[in-house]
Every structure is written in structure tokens, then in C-alpha cells.
Number of protein chains: 2
Amino acid sequence: MMPAKFTNLEALFYPHSVAIVGASKNPGKLGYHVMKSLIRGGFKGELFPLNPRETELFGFRAYPSVLEVPQEVDVAVVALPAQMVPDIFRQCVAKSVRGIVLITAGFKEIEYEYGWQLQDEIAELANQAGIPVIGPNTFGMINLGAAFNASFTPEFSDVERGGISLVSQSGGMAHMIAFMAMEEHVGFNKIIGIGNRCNVGFAELLEYLMEDQDTQAIAMYMEGVDNPRRLVEVAKKARGKKPIIVYKVGKSQISDKASKFHTGSLAGQYEIYHGAFRQAGILAVGSLEELLDTAKALVSCPLPRGNKVAVLSGQAGPGMAACDVCEEKGLVLAAFSEETQRRIKRALPPLAIRTNPVDMGPAWYSPEAIREVANSALGDENVDAVVLCIAYASANIGAVEGLSEVLKNWGAKKPILCCLSSPGEIWDGEIRSLEEEGVPNYPTPERAARALGNLLRYQKLARRGLGHE
Amino acid sequence: MMPAKFTNLEALFYPHSVAIVGASKNPGKLGYHVMKSLIRGGFKGELFPLNPRETELFGFRAYPSVLEVPQEVDVAVVALPAQMVPDIFRQCVAKSVRGIVLITAGFKEIEYEYGWQLQDEIAELANQAGIPVIGPNTFGMINLGAAFNASFTPEFSDVERGGISLVSQSGGMAHMIAFMAMEEHVGFNKIIGIGNRCNVGFAELLEYLMEDQDTQAIAMYMEGVDNPRRLVEVAKKARGKKPIIVYKVGKSQISDKASKFHTGSLAGQYEIYHGAFRQAGILAVGSLEELLDTAKALVSCPLPRGNKVAVLSGQAGPGMAACDVCEEKGLVLAAFSEETQRRIKRALPPLAIRTNPVDMGPAWYSPEAIREVANSALGDENVDAVVLCIAYASANIGAVEGLSEVLKNWGAKKPILCCLSSPGEIWDGEIRSLEEEGVPNYPTPERAARALGNLLRYQKLARRGLGHE
């Protein structure tokens, strides 16, 4: 690896000027969508659309090639056919471009030998010049923190800004994660599609993102890596500094085979990967949903000190569903202190489960009682974390508002994972305000409990790295 | 069981006249919310609010008691304190009321002996008169098919009308399922909270819903049952006639204990339950989400003839995630016929995975190519079911519309489970129209694949009952 590449990564993610190679006003061309993305994303720097047949595009002056641009160009986003790419790279090198986003497909993922040759050729050009390349065969990358949407999907800019950065080996999965994130208000900083990995893969991005001030947690969607050992080394060095969560597919033989065709590398043996992840302190999860839920918990909550959970619920059923998942994930139901138990018994009528889980249902008409239950459970030394589940039921419409202050007070000290469920947008305002204070919400009790289980798993992984074991 | 009770269940779900015992204009009373529900639900029959201190409520003439109502009363919805309930029941018997929804709590779920005594007393009254009672300690019940919302939550009426009926032992879970159903446009017919089960439990409702024309599939949320043998017998009799799906909590010891307090019966040994479910042809699932996803698939799709699936995707990653889950759930990737393989190779460029899973990504600019791929896979004798995953990406905005006709044509013949994922509402119209034609959509590839796995599991369970094994 060129030493320049790493500092050039900074320029790639935070450019002052961007050339779009293949910019077009024809919606049938990807260069059209890339222009739309950059504009919709609100990029603050200079944009130079490149197209030999245009003098102006989307209100910007167009140039025939990057060599004609009268100013420095930090990043080139390339969306022209594969066979043109080596020449474009040569021009980029001549222009001292610092980073390239290569959207074009048709390299080592195709069935023909020349795809591999082409990729080798451009990799050599880029490596010699120390230019980091995102792609080829990618949707691109988005740095929401710098309003820089270098992808062919303008809607990526609608994802909320937050602390998670995603490195994805599949464009489709990155899109799906982003759309779910919009729906569930999960904030991202960078979203990167590595595609066929010319010279920037998981290891390089992990190394970069570990130092990136804007990234609090790193989520990865993985099919296979070329150099797993290097990935493990990079992750190990950073163990305990920042959470890394990975969703690795290729459990089945068939998807393993598919992976080879898709991105040119075998998904490899699933179990071996998982052993390596554990060793490196990387938290492995089993689905797209779990990846998002876990990343959200990790950027929202403090880590639990231990495995003792209190399950508080507005109705018994959701509390029980949460208990099942908690126990499955290695959490135990905390035994309340005598003091806590006394306070809860005083607050709740004898109609409900008052140990742990606590069914607060019969007390919904008394906001003080509910607050007292939550406060005493959260203040109990024996409680490391809380799962709180409440279903809206017309009569309890004020429930979340009533608990809000208590939850916000404790949210920074102990993880509180909620499933506050209401029809339509009834509780959305309260939920958003809780999430802003570090109290995340999930659509089901099971998902809240599973996310807590993963917080605990990560806490153990991280401690091990810091010599606590 | 009284013989009258069963025909009375019909009157309970489809009443012509309803008395609300404890109707109130005070939002602090559940009787207020019940009135709101009946009105918002658009109930077409007669409503008689009962309240000795009012002559009129919500524009309806109020009466002091059910005995004063000058017409027949089919159903009484009761929302007054527990100690008043025996007298109310006596009045209902005298008035020949045919069914009761008893929302009131404070019976066998409480810590004191008198709760049990009270429940025994009212059960005897109801049983002698052959009156089926939903509850006590329930949110009530909703028959969306008859615009009859006899619950304390008006928003239940916003759930779309459809073929699933839900029997839930937890009000909280029923609410959460209903809110998710609204979000994901899953239609329900009846939603019933059985509460403490005075004389109507799982077995009675199963028996009734099995004959109910409006119910195509029965979903159950279960904590524990008093008489599992009877439940198994009822289910066995109906095996293969209508799908029954159950989500049973109480896997952990602690939620088992909680269940005892909550509804007065132990959740019991999880494994024993699961053995009984298998025996009875009941499909067991592991989460609220899976319950909803599976029920949706069962009312939308035909059952797969076998376990051979084709995974078609707009991008390789989501297809691989779907493959992993398919294989985990006992499905195998179909080997295409030579004819199909030839047609797909002709339709797709050599840039993509063209076996199975099929990555249709590189052909998004050619709607004909995509249609050809879908059509040939769906028409292949070797293919029993299809999972189709496409992430929106600006340039492929027309993808779903282009495939729509093919999918609708095949939707009634083979199960097609989709994950069509777009930001905001971009594809909502197309997705809704597909769902109306029996092609269900799921938020993630894994959830679509898991739902298909459950269709296959149910097909096996049902066949066994019909002597096919």
C-alpha cells in the first residue's frame, strides 16, 4: 500500500472539488443520477461535470475531460464503460486527483478473463499514484457528515446524520439498510460500497474509520474478504476503541458460490470467519435488521456493566417476550434490592407482577407510580440495564411523556432499550426526543431485548481486548 | 360447555345490539374509551350506553341498567369494577344477553384469593346461562369484518380488513401486532383478547374460527393453556383445513413464572408445548414479527408443492442473504431446466450470476430482459417458489412496475415472496397492488425467505394430517 493512500482517503471523504466523469442529462446514464445525488446532497465544494458533448450540465460548466478543469480536482467519480476506465485513470493521475469513486461495473465480477485484466491494469495505475479507489462495481459512497453524496442514488442523502458508518460489499444491502434507517430514524455518517475492491477494502476502511472522528461505530455487510488476516490485525489493534459489527452472509454453500461470481471472492467458510471475528473483537450478527438494531444501540447507549436486566412493561405479554430473548442472549433477570422491591410494591397495586419483570399495567392512571417504578429499578445497584415495553392503548396515551424525564436522566448511565409501540405517529415525537437523549426504541420487544444482548456481547468482547479477562 | 355457547359465539361476534356497561364521558374511565371504539369502528347496530347518572352519552340515549333497555341486547361490554360484575352478570342473564365482553380486571390474575372466588362465581353464572364471555382482564375484541370494535382502543379499527384472525393471551401483544399490521398493511378479520378465560379460551375460539367463513388463517399469541389436550384435539380435527400459527412465550423460567401471575396459568414446559403443536398441525413461530410475517404469507400465497426455490434479485447481496435463510429453513435452490437456463442466459449479459440465485442487476435497463428472467423461472417445473429481492436505486425506479404483470399472473399458482425496498413511499403503490394479488412484500430479504420457509413447514404439517405421509 502506498503511504499516500491513507491521507488521500481523507481527501476522498472530505473533498473540496469533485469531477463527475460521464456526467449526463440523460436519465438512462448513471452519470445523470450521480449528478442528481451530488446536488441533492447539498455538496458545498466545486462540481465539475465532465462530458465532451456538453458545455453546461445542471447549471454547472462542463469540461471535456479532467485535464481541462482549470482548478484542482480532489475526487473523480467515474460512471463510464469499463474499457474507457484505464485512460480515465491515466488522466486522473496526470491531474493529481487524490481519490476515485469508480461506479463502473464490468471488471473482475464478470465471466470473462478481460474483466480481471482490466481491474489489474487500473489497480496498478492507482497504486503507483497512491490514489485510493472506491469500487469498481459499486453504487459509490456517501459522507453525510460532509453533505457529499458520490453515489447513483440521490435518496441516500435523506438518511439522517449520525454516528454509524457502513462498509458494504453489496450495493443492494447498503440501499436496504439506508431505507430502513430512514424509516427508523437511525443516523449514519458514511455509507461506502466497496464493490470489487481495487485497492480499498474492509481492512483499509476499518483502519481509516477507526481514526475518523465522525464515526462512533462501524457496521459492515460482508460476503468475503481477500485477506482476512489483515482485517483481523487491523480490528485487533482497535479492539475496545470503537464497536465493529459485521453481518456476514455465505452460511449456505450456494450463497458462497454466488459470492464468488458477485464480487470475485469466495465467501469462505462461515465458521472460520466467525472464529476470526471473535478473536478480533468484531461483533457478528445474523441479519440486516440485527445489524441496524445493534449499531443503533451501540451509538445510543452506554455499555452495561454486567448482565443483570430489569424488564419493565406496560402490559405483561411484551415483557415476557422480552424476557425470553434476554435469557437466550445470556442476560439474567436482576433480583431487586429490598429497598427497590419495597418501593415498587408501594407504587403498584396487588394486581400485577411486581417482581422482575414488572407489569406496570394496572398503574397507568398514576404517572407518579410509573415514574417511581422506573426510577427505583434504574437506581438499583443490582440492575445493569433496562428493557421497557409499552403498547399504546388510548387510556395510556400520556405514558411515554410521563416517563420521559426519568428515562432521559438515566439514559447516559445505564442502557435503556425500549419498545414503545403506538399506531401511526402518536408517540413519534416522544420517541424521537428519547432517542436523541440516548434511549433507543425498537419495533418489537424481541428486537429491543436482542439489541441489549448484543450490547452485553460487545462489552465482553471489548473488555477482553483491554486485558480485563 | 353449554351447547348454546357455540351459537352464542356467533351472536357475540356479529351482534345487532350492544350495551356498554359503565359507559362514561370521563376519559379516566375505560367505559369512555369503549364508547369511542364502538363509534369509531362504525358499528351499524344499536348502541345502549349504560350509566345510572346519565340520560344521554355520545348522542345515544343512556339507560341505568341493561334491564331497562327496551329492546333485545345481544352483547354486553362490561367496564366496571370487579366487585360489581356478579350483579351485572345476573342482570345480563335475566335480560337473555347472548354474549359478554368483560374488560374489567381484578379476577384470578391478582395476588388475593378473592379474585379467584369472584371469577368462579361469574363463570358459574355464565356457564349456566350458556353465555360465552371474552375476558375478564382483557382489552376486549374486535370484529373488523362487522365493524364491531368492542375494545378500549379505538385505533384497532384502523387495521385493514383481511383474512387473519388473532387470538391473544396478552393485550399488549395484540396491540403491538395490530400496530405493526397497520404499518405493513396486513389485513385482519377478528382480534380477540382472551384475558383470564372465564369460559372462552384458545380451544373454544379455535373451534369457532375454524368454521368462521371470514377467517382464512388463525394466529395465536400464547402464554399458557389450562387444557392443552383439548386444544390439540380441536386443532387436529381441523388439520389441513386452515392454517393455525402460534407464538408461544415462556421459554425462559422467569417468563414462565410471570405468566402464572399474569393470566393465572403457568406457561408450562416449552418443549412439551412444541411437541403438542407439531402433533396438532399447529405451526409454531419464534417472535411477534415472525407471527405476522407468516400469517401474511399464509393468507396471500398458495402453498409450495415442494422445497425448491428460485431466488431472483435486483442486486446480488439481498439474494445471498435470502439464500442463507432459505437453506437454513429446509429449502433448496432449484436447478433450472435447460430451457430456463438458456432463456436466462439469453436475457442477461455475462456480467451477472445467471444460475440460481439470479442477479438481474446488470439488466435493469431492459424491462423485457427482467420479465423474461422472472417468467422463465416461474414457469420452470423445477421451481416450487420464488423469493424476489430488489432495492430501489433511482435508475431502476421502474423495475417493480415492469415486473408487476408477470408476478400477478403467477402469484396464484406459486408462492412469490418479495422484498421490494424503496425509500419512503416510492414503490408503495406497486407493492400494495401486488399484495392485493397475492404477492406479499417484506421489509428484508431474510424475513421474506423465513416466511417462505414457514409456508413449506405448514405444507408438510397439513399434508401429514391429510394422510399424505
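This one's a predicted model, so the numbers in the text were calculated from it and none came from an experiment.

Cut-offs applied
- Residues numbered from 1 in each chain as written.
- Chains lettered and ligands numbered in written order.
- Predicted model: local features only at pLDDT ≥ 70, side-chain atom pairs only at ≥ 80, totals over all residues.
- Heavy atoms only, no water.
- Helix = DSSP H or I, 4+ residues; strand = E, 2+ residues; numbered from the N terminus.
- Rg over C-alpha atoms; globule rule 2.2 N^0.38 Å.
- Buried < 20%, exposed > 50% of the residue type's maximum accessible area, 1.4 Å probe, protein only.
- Pairing = 2+ DSSP bridges.
- Contact = heavy atoms within 4.5 Å.
- Axes fitted to C-alpha atoms, helices over the stretch in contact; angles between N-to-C directions.
- Buried area = accessible area lost by both parts, 1.4 Å probe.
- Salt bridge = Lys/Arg side-chain N within 4 Å of Asp/Glu carboxyl O.
- Polar contact = N/O pair within 3.5 Å; in protein donor to acceptor, adjacent residues only side chain to side chain.
- Nonpolar A, V, L, I, M, F, W, Y, C, P; charged D, E, K, R; others polar.
- Core = buried A, V, L, I, M, F, W, Y, C linked by side-chain atoms within 4.5 Å.
- Phe/Tyr/Trp six-rings, centres within 6.5 Å; stacked < 30°, edge-to-face > 60°.
- Lys NZ or Arg CZ within 6 Å of the ring centre and 35° of its normal.
- Parallel < 35°, antiparallel > 145°, perpendicular 65-115°, else oblique.
- Least-squares fit on C-alpha atoms with pLDDT ≥ 70 in both.
- 1 Å grid on protein atoms, 1.4 Å probe; cavity = no way out; pocket = protein on both sides within 12 Å on 5 of 7 lines; lining within 4 Å.
- Points joined across faces, edges and corners; volume = space filled by probe spheres on them.
- Disulfide = S-S within 2.5 Å.
- pLDDT = per-residue confidence, 0-100.

Chemist: Any chance you could explain the overall build of chain A here in plain terms?
Modeler: Across its full length, chain A carries 16 helices and 19 strands. Relative to its length of 469 residues, chain A is compact, with a C-alpha radius of gyration of 25 Å against a globular reference of 23 Å. C-alpha extents for chain A along the principal axes are approximately 80 × 45 × 35 Å. By residue count, 65% of the 469 residues in chain A fall in the buried class.

Chemist: What's the story with the sheet that holds strand E6 (residues 99-102) of chain B in this structure? I'm lost.
Modeler: Across a sheet, strands are paired by hydrogen bonds formed along the backbone, either parallel or antiparallel in direction. Residue and element names in this part refer to chain B. Across the sheet, five strands lie side by side as E2-E1-E5-E6-E7; this open sheet has parallel pairing. In this open sheet, the two edge strands, each paired with only one partner strand, are strand E2 (46-50) and strand E7 (133-134). Here strand E1 (residues 17-21) runs beside strand E5 (residues 75-78); their pairing, made up of four bridges, is parallel. Following the sheet pairing, Ile 20 is matched in E5 by Val 77. Running over the sheet, helix H3 (residues 85-94) touches E1, E5, E6 and E7 and is turned about 160 degrees from E6.

Chemist: Explain the interface of chain B and chain A to me, please; I cannot follow it from the model alone.
Modeler: How large an interface is tends to be reported as the accessible area lost when its parts come together. Each side of the interface is counted separately: chain B has 75 residues, and chain A has 74 residues. Interface area for chain B against chain A, summed over the two sides, is near 5500 Å², with a carbon-plus-sulfur share of 64%. One can count two salt bridges joining chain B with chain A. Across the pair Arg 447 of chain B and Glu 289 of chain A runs a salt bridge whose closest N-O atoms are separated by 3.2 Å. Inspection of the region where chain B meets chain A yields 12 residue pairs in polar contact (both at pLDDT 80 or more). Those elements that place two or more of their residues in the side of chain B that touches chain A are helix H2 (30-40), helix H5 (171-184), helix H8 (253-263), helix H10 (288-300), helix H11 (316-328), strand E18 (385-391), strand E19 (416-421) and helix H16 (445-465) of chain B. Among the elements that take part in the side of chain B that touches chain A, H11 of chain B stands out by supplying nine residues, more than any other. Here the residues of the side of chain B that touches chain A sort into 39 nonpolar, 22 polar and 14 charged.

Chemist: I'm lost on the sheet that holds strand E5 (residues 75-78) of chain A in this one. Help?
Modeler: Residues and elements named next belong to chain A. Read across the sheet, five strands follow the order E2-E1-E5-E6-E7 without closing on themselves; strand pairing throughout is parallel. Edge strands, defined here as strands with exactly one partner in the open sheet, are strand E2 (46-50) and strand E7 (133-134). Summarising the sheet, strand E1 (residues 17-21) and E2 pair through five bridges and their orientation is parallel. When the bridges of E2 are listed, Ser 17 appears paired with Glu 46. Packed on one face of the sheet, helix H2 (residues 30-40) meets E1, E2 and E5 and runs near 160 degrees to E1. Lying over the sheet, helix H3 (residues 85-94) contacts E1, E5, strand E6 (99-102) and E7, oriented at roughly 160 degrees with respect to E6.

Chemist: Before we go on, may I ask you to explain the pattern of salt bridges in this structure?
Modeler: Any two side chains of opposite charge can pair, given that their charged atoms come close. Scanning all chains against the criterion turns up 44 salt bridges over all chains. Among the salt bridges present, the one from Asp 212 of chain A reaches Lys 190 of chain A, with a minimum N-O distance of 2.6 Å. Of this pair, Asp 212 of chain A sits in the loop between helix H6 (202-211) and strand E12 (217-222) while Lys 190 of chain A is found in strand E11 (residues 188-193), placing the two residues 22 residues apart along the sequence. As far as the burial class goes, Asp 212 of chain A and Lys 190 of chain A line up, both buried. Ionic pairing is found between Asp 384 of chain B and Arg 305 of chain B, a salt bridge with its closest N-O pair at 3.5 Å. Here Asp 384 of chain B is found in the loop between helix H13 (367-379) and E18, whereas its partner Arg 305 of chain B is found in the loop between H10 and strand E15 (308-313), with 79 residues between them in sequence.

Chemist: Would you mind showing me how to read the nonpolar core here?
Modeler: General note: in soluble globular proteins, nonpolar side chains tend to be found buried as a group. Judged by nonpolar contacts, the single largest core of 294 residues is most densely connected at Phe 188 and Ile 191 of chain A together with Phe 188 and Ile 191 of chain B. Excluding residues that lie within four positions of it along the chain, Phe 188 of chain A makes contacts with Leu 144, Val 159, Glu 160, Arg 161, Gly 162, Ile 164, Leu 166, Ile 177, Ala 181 and Leu 292 of chain A.

Chemist: Teacher, can you tell me more about the packing of aromatic side chains here?
Modeler: Describing an aromatic ring pair means giving the distance of the ring centres and the angle of the ring planes. Evaluation of the coordinates by the stated rule reveals 18 aromatic pairs over all chains. Where Tyr 273 of chain A meets Phe 277 of chain A, the ring centres are 6.0 Å apart and the plane angle is 45 degrees; that geometry is what we call tilted. Of this pair, Tyr 273 of chain A and Phe 277 of chain A both sit in helix H9 (residues 270-280), separated by four residues, roughly a single helical turn. Take Tyr 273 of chain A and Phe 277 of chain A: they sit in the same class, and that class is buried. With a centroid separation of 5.8 Å and an interplanar angle of 80 degrees, the aromatic rings of Tyr 392 of chain B and Trp 427 of chain B are classed as edge-to-face. With Tyr 392 of chain B in the loop between E18 and helix H14 (399-411) and Trp 427 of chain B in the loop between E19 and helix H15 (428-436), this pair connects stretches of sequence that are 35 residues apart. What links up through ring pairs into an aromatic cluster is the set Phe 179 of chain A together with Tyr 392 and Trp 427 of chain B. Lying across the ring of Tyr 273 of chain A, Lys 248 of chain A places its NZ or CZ 4.5 Å from the centre. For Lys 413 of chain A, the ring lying beneath its charged end belongs to Trp 410 of chain A, and the centroid distance is 4.8 Å.

Chemist: Would you explain unusual backbone geometry in this entry?
Modeler: Trans peptide bonds make up most of the peptide bonds, and negative phi angles are found at most residues other than glycine. Note the cis peptide between Gly 135 of chain A and Pro 136 of chain A, where omega equals 5 degrees. Within the element layout of this structure, Pro 136 of chain A appears in the loop between E7 and strand E8 (140-143). Put simply, Asn 356 of chain B and Pro 357 of chain B share a cis peptide bond, and its omega is 10 degrees. The residue Ser 394 of chain A is not glycine, and still its phi comes out positive at about 65 degrees. Mapped onto the secondary structure, Ser 394 of chain A falls in the loop between strand E18 (385-391) and helix H14 (399-411). With a phi angle near 60 degrees, Ser 96 of chain B is a residue other than glycine that sits in the positive phi range. Mapped onto the secondary structure, Ser 96 of chain B falls in the loop between H3 and E6. The exposed category is assigned to Ser 96 of chain B, whose relative accessible area is 52%.

Chemist: Would you explain the packing of H3 of chain A against helix H4 (residues 113-129) of chain A in this entry?
Modeler: Each pair of packed helices gets described by two things: the angle between the helix axes and the distance between those axes. Residues and elements named next belong to chain A. Two elements in contact, H3 and H4, have axes whose closest approach is 10 Å; the angle formed by their N-to-C orientations is 5 degrees. Taken as axis vectors, H3 and H4 run roughly parallel relative to one another. When H3 is examined against H4, the residues Val 85, Pro 86, Phe 89, Arg 90 and Val 93 are found in contact with a partner set consisting of Leu 118, Glu 121, Ile 122, Leu 125, Ala 126 and Ala 129. Grouping the amino acids of the contact of H3 with H4 by side-chain chemistry returns nine nonpolar, no polar and two charged.

Chemist: Help me understand the relation of the copies chain B and chain A, please; the structure alone is not making it clear to me.
Modeler: The two chain copies are connected by a rotation around an axis plus a translation along it. Superposing chain B onto chain A takes a rotation of 180 degrees combined with a translation of 0.0 Å along the rotation axis, leaving an RMSD of 0.0 Å. The two molecules are tied by a two-fold rotation axis, judged by turn and shift. Counting the interface residues of chain B, we find that 99% of their copies in chain A are interface residues as well, pointing to one common contact surface.

Chemist: For this particular structure, what's the right way to read empty space enclosed by the protein?
Modeler: A water-sized probe rolled over the atoms picks out the places where empty space is left. Residues and elements named next belong to chain A. Inspection of every chain in the model, using the stated rule, returns one cavity of 30 Å³ or more. When its volume is computed, the largest cavity comes out at roughly 40 Å³. Around the largest cavity, the lining residues are Val 225, Pro 228, Leu 231, Val 232, Tyr 273, Ala 276, Phe 277 and Ile 282. Of all the secondary-structure elements, those providing two or more residues to the lining of the largest cavity are helix H7 (228-237) and H9. For the lining of the largest cavity, the residue count by class is eight nonpolar, no polar and no charged.

Chemist: Help me out: how do you make sense of H6 of chain A in this one?
Modeler: Because an α-helix completes one turn every 3.6 residues, residues spaced three or four positions apart along the sequence face the same direction. With eight of 10 residues buried, H6 of chain A lies mostly within the body of the structure. For H6 of chain A, the set of buried residues is Phe 202, Ala 203, Glu 204, Leu 205, Leu 206, Tyr 208, Leu 209 and Met 210 of chain A.

Chemist: What is the right way to look at the state of the cysteines in this model?
Modeler: A covalent bond bridging the sulfur atoms of two cysteines is what the word disulfide describes. Enumeration according to the criterion identifies zero disulfides over all chains in this entry. Of the cysteine sulfurs around Cys 92 of chain B, a residue in no disulfide, the closest is that of Cys 198 of chain B, at 12 Å.

Chemist: Can you help me understand the confidence of the model for chain A in this one?
Modeler: Reading fine detail from the predicted coordinates is not recommended where pLDDT is low. With 94% of its residues at a pLDDT of 70 or more, chain A has an overall mean of 92. Across the interface, the model reports ipTM at 0.94; the global pTM reads 0.95.

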